[in-house]
Amino acid sequence: MNALPDIEMRPIPVRTALLVGENSDIREQVRGILEPGLWALQYAVDNAAALAMAINKNFDLILTGEKTSGREDVELLRKLRRSRPHTRLIILAEETTPGDIITSMREHAFSYFSKPFSPDALAAMIRRAIEEPCWDDGIDVVSATPEWIRIRARCDLRTADRVLQFFDEIAELPNPERHAVGMAFREMLTNAIEHGGRLDPRQQVEISYLRARHLVKCRISDPGEGFTLDEIPHAAIANPADDPLRHLQHREAKGLRPGGFGVLLAQRLVDELVYSEQGNEVVLIKYLDLEPRGDRGVGCG
């Protein structure tokens, strides 16, 4: 009888997450996401304890406690980066400012949530954090003030999700304007990454967000060669009036995923959607009516 071949049994590496604070709901949520046997959970009572633990041990993921302010958590992040530059840290903050969020982006936080936040959105971001193989070079802040932010982002959809979460936190807009701008921005950003950047992580899109008193302007520039409406029959915006679903046939023929309504949807959500001549740069403008009409002063002219 032939002897059975020797099989080397190697232990499965266990990754470790650190949770700061004592929120039982967050703890249960994280336990439900991280697979037992592959992940171990440790806990810290506050940021000082978390920093001490993280200096002595490398954690694959850290979630701050939602009872702290954004400024306190950004300071933890800044100190952590000195010894653990690649740790994935998600900030949960009770109080925050746009300046805190911008600083967290500069310091390469993985993501940022301030109260109230959606448990489903947080769960999705945790899953991205544990699945993303390379992340901390994905978002670069070019220049930023709370009113005007310019960043460059890697051309992959997981990075797009992180960008969208950061900008959703920064946008101090009333509803439903916040929802409309967010959805239009998502459609245009994913279009730029998918079609302009061709999902190539070596490429980047450039994003500019300007918040003025009565308008929001988002500019997205991608590395692609651009397009004209005649060249995108797979998009709903190119459909003739008498055939509103024609683009679906083109998408099926090209093997593209269902969709193609992004530009058309964005047009209906914002007040102006303007493309550059080349077609690889788009500007979204949403006007804000923030003052009661009776309180306005007399305009010039």
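Refer to the structure presented above.
Described below are features of the structure shown in this document. Because the structure is a prediction, the values reported are computed rather than measured.

### Considering the sheet that holds strand β7 (residues 148-154)
Ordered in space as β6-β7-β8-β9-β11-β10, the six strands form an open sheet in which the pairing is antiparallel. Of all the strands in the sheet, just β6 (139-144) and β10 (272-275) have a single pairing partner and so form its edges. Each adjacent strand pair in this sheet contributes to an overall mean axis angle of 15°, direction not counted. With respect to the sheet, helix α6 (residues 157-170) is in contact with β6, β7 and β8 (204-211), its orientation differing from that of β7 by roughly 165°.

### Comments concerning the packing of helix α3 (residues 70-83) against helix α4 (residues 98-106)
At their nearest, the axes of α3 and α4 sit 9 Å apart, and the two run at 15° to each other. As far as their axial angle goes, α4 and α3 are roughly parallel. Here α3 and α4 pass one another in a crossing that is left-handed. From α3, G70, R71, V74, L77 and R78 reach across to α4, where they touch D100, T103 and S104.

### Quick notes on the sheet that holds strand β5 (residues 111-114)
Read from one edge of the open sheet, five strands run β2-β1-β3-β4-β5, paired in parallel fashion. Single-partner strands in this sheet number two, and they are β2 (39-44) and β5. On average, each strand axis in the sheet is inclined to that of its neighbour by 15°, with strand direction left out of account. Sheet topology note: the strand β3 (residues 61-63)/strand β4 (residues 88-93) ladder contains three bridges and is parallel. Counted as the bridge partner of I62 is L89 from β4.

### Points about unusual backbone geometry
The omega torsion of the bond from K115 to P116 falls at -5°, within 30 degrees of zero and hence cis. Among the structural elements, P116 can be located in the loop between β5 and α5 (119-131). Cis geometry marks the peptide bond from N175 to P176; its omega dihedral reads 10°. By the secondary structure assignment, P176 is in the loop between α6 and α7 (177-196). Residue R198 is not a glycine yet carries a positive backbone phi of 55°. When you line up the elements, R198 lands in the loop between α7 and β8.

Cut-off values and rules
Residues numbered from 1 in each chain as written. Predicted model: local features only at pLDDT ≥ 70, side-chain atom pairs only at ≥ 80, totals over all residues. Heavy atoms only, no water. Pairing = 2+ DSSP bridges. Helix = DSSP H or I, 4+ residues; strand = E, 2+ residues; numbered from the N terminus. Axes fitted to C-alpha atoms, helices over the stretch in contact; angles between N-to-C directions. Contact = heavy atoms within 4.5 Å. Parallel < 35°, antiparallel > 145°, perpendicular 65-115°, else oblique. Left-handed = near helix turned anticlockwise from the far one by under 90°.

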